[in-house]
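Each chain is listed here by its residues.
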Amino acid sequence: MEFLLDPSIWVGLLTLVVLEIVLGIDNLVFIAILAEKLPPKQRDKARLIGLSLALIMRLGLLSLISWMVTLTKPLFSVGEFSFSGRDLILLTGGLFLLFKATMELHERLENREVNADGNKAYASFWAVVTQIVVLDAVFSLDAVITAVGMVNNLAIMMTAVVIAMSVMLLASKPLTNFVNAHPTVVVLCLSFLLMIGLSLVAEGFGFHIPKGYLYAAIGFSILIELFNQIARRNFMRHQARRPMRERTAEAILRLMGGRRQQESSSESSEVAKAMPQEAFKDEERYMINGVLTLASRSVRSIMTPRGEISWVDAMRPVDEVRLQLLDTPHSLFPVCRGELDEIIGVVRAKELLVALDHGIDVATFAAATPPIIVPETLDPINLLGVLRRAKGSFVVVNNEFGVVQGLITPLDVLEAIAGEFPDEDETPDVIADGDGWLVKGGTDLHSLQQLLDTQVLVNREDDHASLAGLLIAQKGQLPTVGEVIELPPLRFQVIEATDYRVDLVRVTRARTDNDEEENPQ
């Protein structure tokens, strides 16, 4: 046992263990890739068998050192090249690595790991084990030759191989989990195997490639992949801070072909290309877009504004109230005491007419159904629950000072999703006019943006919800009749306006240089 006290023995053993582990990493990575093709219950068994066979094979080759030495003698020559047994093994192993790595790369890049029925196609257990055995033979030769070249003591060689394989066996499962969780790492490892296979083929033909070059290239690639993984992790962490609802909405909009002008991610662009815009009809795209953008809208963009509310003044004579109810198509009215901000309750026109015929006081009848009031800061998604509790009625929107800003009916929410449903006594908010559109100043920007298929009208940081508000914000003051405001690719011309509001705007698309070339004057 005196040889155990020799420091050179321990230094050689430690060095050889490290080298054996380094040389076995490529084998371990490929075993992890092959084991992924098996059902989850069989993967651990395949890894254990593969590494056990590698250990047996390396110990067997180490015991045949005298035979290994003779492998360098030329067996035959072809032209200027002479081939020994070692050369043939390296050449065969290199070609196998090139073939297998190329097939694996093709399979993963073409994404053909899934059957037509949606179930993953697993490979045969023994077919995978056979491939592992062949790979073990290729990689074991490299490791054994390294051991023979470094140490002359057979016991030290075998001890180093056993220790190295034990470490690899412990690390095999974590490495497999890491490889399965990072697809880009798999592609990178397969690229390494292509490079190793090419170097083995070159050595089989007598062209020695220094290992330092290979290790430098592999190390540089690993460093770049490390940066890529860090960047991806930071991106996912940033995405996780955003609401799930917002991320889901954006993903579906990209699938429909929406937000093309703002899309900068190459990954999202590929998704948009894979899902052609024709997969959805215009009406479907409009409605889906309305549903997904509902959460990002404000209550003010959905409500009927204060100036358009028809309300009943309980202080007016009964005959005037009856005439008002009969002359308007609305079925629901807020009843107020002298002014809109003094709401008593909400009534149905037919029920109030019956009550008037029976001599019931308007204020007394309205007080039986008090209004449901919501703040203008309420989330539109939460608004849906409030409307359900209203049971077919409407809710009143107030600001922080208790001043009525508007009211919202279930129809207003439906119009925000599916487009406008004008009453008999009103004209549509948007009317096609030749090569443009006539748009009311109070038109909701979200609906107008969807209709015009553009992305330049709505900005989440803005506090305006109508076309008139957008034009005032762009101008810095109330625009006058005839004034033109450019917001590429759209052009807005004020058609009707008063001293305090914009009533009608003509919207056209700005002419481009290509349009002028196609339609010369």
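As a reminder, the structure under discussion sits directly above these lines.
Cut-off values and rules
- Residues numbered from 1 in each chain as written.
- Predicted model: local features only at pLDDT ≥ 70, side-chain atom pairs only at ≥ 80, totals over all residues.
- Heavy atoms only, no water.
- Helix = DSSP H or I, 4+ residues; strand = E, 2+ residues; numbered from the N terminus.
- Buried < 20%, exposed > 50% of the residue type's maximum accessible area, 1.4 Å probe, protein only.
- Contact = heavy atoms within 4.5 Å.
- Areas by Shrake-Rupley, 256 points an atom, 1.4 Å probe, with all protein chains shown as cover.
- Pairing = 2+ DSSP bridges.
- Axes fitted to C-alpha atoms, helices over the stretch in contact; angles between N-to-C directions.
- Core = buried A, V, L, I, M, F, W, Y, C linked by side-chain atoms within 4.5 Å.

## Looking at the overall build of the protein chain
Link 1 in the chain: Tallying secondary structure elements over the protein chain gives 19 helices and 14 strands in all.
Link 2 in the chain: A burial count over the protein chain gives 37% of its 521 residues as buried.
Link 3 in the chain: For the protein chain, contacts bridging at least 24 residues in sequence account for 61% of all contacts bridging at least 6.
Link 4 in the chain: Element-wise, carbon and sulfur atoms account for 59% of the exposed surface of the protein chain, whose accessible area totals about 29,500 Å².

## What to know about the side chain of Thr 409
Link 1 in the chain: When you line up the elements, Thr 409 lands in the loop between β9 (404-408) and α16 (410-418).
Link 2 in the chain: Discounting chain neighbours no more than four positions away, the residues touching Thr 409 are Leu 387 and Phe 394.

## Focus on the sheet that holds strand β5 (residues 332-336)
Paired through their backbone hydrogen bonds, the strands of a sheet run either parallel or antiparallel.
Link 1 in the chain: Taken in spatial order, the three strands of this open sheet run β4-β5-β6, and their pairing is mixed. Both edges of this open sheet fall to β4 (312-313) and β6 (343-348), since each of them pairs with a single strand only.
Link 2 in the chain: On top of the sheet, helix α13 (residues 349-357) reaches β5 and β6; it is set at about 100° to β6, its chief contact.

## Quick notes on the nonpolar core
Link 1 in the chain: Phe 30, Ile 33, Leu 34, Met 165, Leu 190 and Leu 193 are the most contacted members of the largest nonpolar core, which totals 30 residues.
Link 2 in the chain: Contributing elements (two or more residues each) for this core: α1 (7-35), α2 (40-62), α4 (85-109), α5 (125-150), α6 (154-181) and α7 (183-204).
Link 3 in the chain: Of the residues forming this core, the biggest block, seven residues, is contributed by α7.
Link 4 in the chain: Residue contacts for Leu 190: discarding those within four places in its chain leaves Phe 30, Ile 33, Ala 101, Glu 104, Leu 105 and Arg 108.

## What to know about the pairing of strand β13 (residues 490-497)
Link 1 in the chain: In this structure, strand β12 (residues 484-487) lies alongside β13, joined through four bridges in antiparallel fashion. Note on β13: the bridge partner recorded for Glu 486 is Arg 491.
Link 2 in the chain: Count of turn residues in the β12/β13 antiparallel hairpin: two residues.
Link 3 in the chain: Where β13 meets strand β14 (residues 502-509), seven bridges bridge the pair, whose relative direction is antiparallel.

It is worth stressing that arrangement in space is one thing and function is another; only the former is reported here.
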